[in-house]
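# Breakdown of the fold
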Amino acid sequence: MLTEKQLIRVRRHLHQIPELALHEFQTHDYLMKIIKDFNQDHLEIMVPDKLPTAILVLVHGTAPQRTIGYRTDIDALPVKEQTGLPYASQHPGVMHACGHDIHMTVALGVLSYFSDHQPQDNLVFFFQPAEESDYGGKRAYEAGVFTGQWRPDEFYGLHDNPDLPAGAIGCRMGTLFAGTTEVNIDLIGKGGHAAYPQDANDTVVAAASLITQVQTVISRSIDPIQSGVITLGKIRGGSIRNVIAGHTRIEGTIRGLTQKMIKRIDHRLAEICRGIGTSFNMKVQLELNQGGYWPVENNPQLTKNFIQYMQQAPDVNFIETPPAMTGEDFGFLLAQFPGTMFWLGVDDDSQLHSATLTPKESAIQKGVNAITGFLNYRMQQN
C-alpha cells in the first residue's frame, strides 16, 4: 500500500507531466507503471482499443454482491503555470490547473489499499482521459467500455475544492455540478458602406438586440427558485469602423442544474434566434452542443448513504455544500449509472483553472482514508 510520502511523490511527478485531452500518453504510461507495481493477485487491467490513454482496473472481490465503480480524470488544461513550485509543469503552456493530479493520486492510493486488502465486492477503477474537453466519459460509454465484468452497478468520483479545508469531504443531495451547453450563433446579413445603411443589413445591430433579449431567458423563463446561467462571452463582427458587418458570430455557454432546465433554456434561445432572423430579415444559425457535460445529479439513496457514512466517520470532516455552476463530464456517466460525486477539500486561495492553483497535499491521505473507509462500509451492506 502506498504511504503518504509515496503518494506525495507520485502527485508531484504527475504534476510535472500534464497533458491535454486524448493526448495523455506520458500520464498513461506512468499510471501503468505505478499500477503494475501493486500486488496483482486479484487485479485485472484493461486498456480500451478505442480510448488508448484510458485505463480500467478490476479488483476481483472475495464474494461479490455488486461491482462498485470509481472514476478519476487524468487530463490537464492549456494554462501556463505560475506557481513557482520546484515540481512545476515541464510541459510549456499546459498545467494541472484543475487538480486532476490530486484526483489521480487519491485513486492510486485507494487502489493500492485494495490491492493489498482484497475487497468483498468487485471494484472497477476508471482512469478517464478527456474530462476538460472532448467528453471522455461519454466516449468511454459509447465505445462499450462498461460491459460485462467492467460494468459498475454504482459509480463514485471526486473533485478537489480549494474553498474547503484540506481533506474535508463535501457533498449534497441532488445536483452537485451544473450541466452545460456550448452556444455558437452566426448572424448572416449583408455588408456595406457605413454611409449607406439602407443598402446593407447590419448584423452587429441584430446581434446587439439578440444579446439583450437573451438576458430575459433566465429572468423570465426559469423558475426563480432554481438556477440557470447564459453567458455570451465572445462576439466578433466587422473589420473596420466604416464598414457595416455582413457577418457576426457570438459564442457562449448555458448552465443548468437539471437536464430539463437546460433543455428549457436551449428551447428559449432557439426561439429568440428565430425571432431575430425574422425581424431583421437575415439568417441566424444556432448551434447547441451539450456533448457529455450533463448535470452531475447524485443518486438519492446512494448519496444519502454516502453522506451518513461521512457524517459519522470520526476522522472525516464532512461539509454539506451548495451546487456549483461549473461543469463536469461525470454527469454523463451518472445519467447511465447510479452514483455520487463529492468534493475533496484542498484549501487554496487560488481557484480551479487558475495558473496559481496549489492544492494542499495533506488532503491526499485524508481523501484516501475517507474513500477506503466508505467503500469498506458500502461492501458490508446488502
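Description of the structure in this document. Since the structure is predicted, the reported quantities are computational estimates derived from the model, not experimental observations. (Residues numbered from 1 in each chain as written. Predicted model: local features only at pLDDT ≥ 70, side-chain atom pairs only at ≥ 80, totals over all residues. Heavy atoms only, no water.)

## Here's the deal with the nonpolar core
Worth spelling out the cut-off: Remark: nonpolar core denotes a set of buried residues (Ala, Val, Leu, Ile, Met, Phe, Trp, Tyr, Cys) joined through side-chain atoms within 4.5 Å. Throughout, exposure labels follow a simple rule: accessible area from a 1.4 Å probe, protein chains only, divided by the maximum for the residue type, with under 20% read as buried, over 50% as exposed, and the rest as partly exposed. By definition, any uninterrupted DSSP run of H or I lasting at least four residues is a helix, any uninterrupted run of E lasting at least two residues is a strand, and each is numbered from the N terminus. The contact definition used throughout considers only heavy atoms, calling two residues in contact when any of these lie within 4.5 Å.
Formed by 54 residues in total, the largest nonpolar core has its most connected members in Val106 and Phe127. Here this core takes nine residues from helix α3 (residues 100-116), the largest share from any one element. Sequence-distant contacts of valine 106, that is, excluding residues within four places in its chain, are made with Tyr70, Leu158, Leu344, Ile364, Gly367, Val368 and Ile371. Of all hydrophobic cores here, the second largest spans 24 residues; its members include Trp150, Leu164, Phe177 and Leu334.

## Describing the packing of helix α5 (residues 203-221) against helix α6 (residues 259-279)
As a reminder of what qualifies: Only C-alpha atoms enter the line fits that serve as axes; for helices the fit covers just the stretch in contact. Angles between N-to-C directions range over 0 to 180 degrees. Here roughly perpendicular refers to angles of 65 to 115 degrees, roughly parallel to angles under 35, roughly antiparallel to angles over 145, and oblique to all remaining angles. Crossing chirality is assigned from the near helix's rotation relative to the far helix, an anticlockwise turn below a right angle marking it left-handed and a clockwise turn marking it right-handed. Three classes are used: nonpolar for Ala, Val, Leu, Ile, Met, Phe, Trp, Tyr, Cys and Pro, charged for Asp, Glu, Lys and Arg, and polar for all others, with Gly counted as polar.
It is at 10 Å that the axes of α5 and α6 come closest, and there the two elements cross at 150°. Here α5 lies roughly antiparallel to α6, going by the angle between them. Judged by the twist between their axes, the crossing of α5 over α6 is right-handed. Along the contact surface, α5 presents Ala206, Ser209, Leu210, Gln213, Val214, Val217, Ile218 and Ser221, while α6 presents Arg264, Ile265, Arg268, Leu269, Ile272, Cys273 and Ile276. Residue composition of the contact of α5 with α6, grouped by class: ten nonpolar, three polar and two charged.

## Overview of the state of the cysteines
Rules: By convention in this document, the label disulfide applies to cysteine sulfur atom pairs within 2.5 Å.
A complete count under the given rule lists zero disulfides for this structure. Unpaired in terms of disulfides, cysteine 98 finds its nearest cysteine sulfur in cysteine 171, a separation of 17 Å. The exposure class of cysteine 171 is buried, given its relative accessible area of 0%.

## Side note on the packing of aromatic side chains
We describe a pair of aromatic rings using the distance from one ring centre to the other and the angle between the two ring planes. Using the following cut-off: Any two rings among Phe, Tyr and Trp, with Trp reduced to its six-membered ring, count as a pair given centres within 6.5 Å; such a pair is stacked if its planes are under 30 degrees apart, edge-to-face if over 60, and tilted if neither.
One pass over the structure, following the stated rule, counts 18 aromatic pairs. Look at phenylalanine 177 and tryptophan 343: their rings are 4.9 Å apart centre to centre, the planes differ by 45°, and that puts the pair in the tilted class. Note that phenylalanine 177 is positioned in strand β7 (residues 175-177) and tryptophan 343 in strand β16 (residues 339-345), a separation of 166 residues in sequence. Under the relative-accessibility criterion, tryptophan 343 is labelled buried at 5%. Site record: aromatic cluster; members linked through ring pairs are Phe126, Tyr141, Phe146, Phe155, Trp294, Phe330, Phe332 and Phe337.

Coordinates in, geometry out; function isn't part of it.
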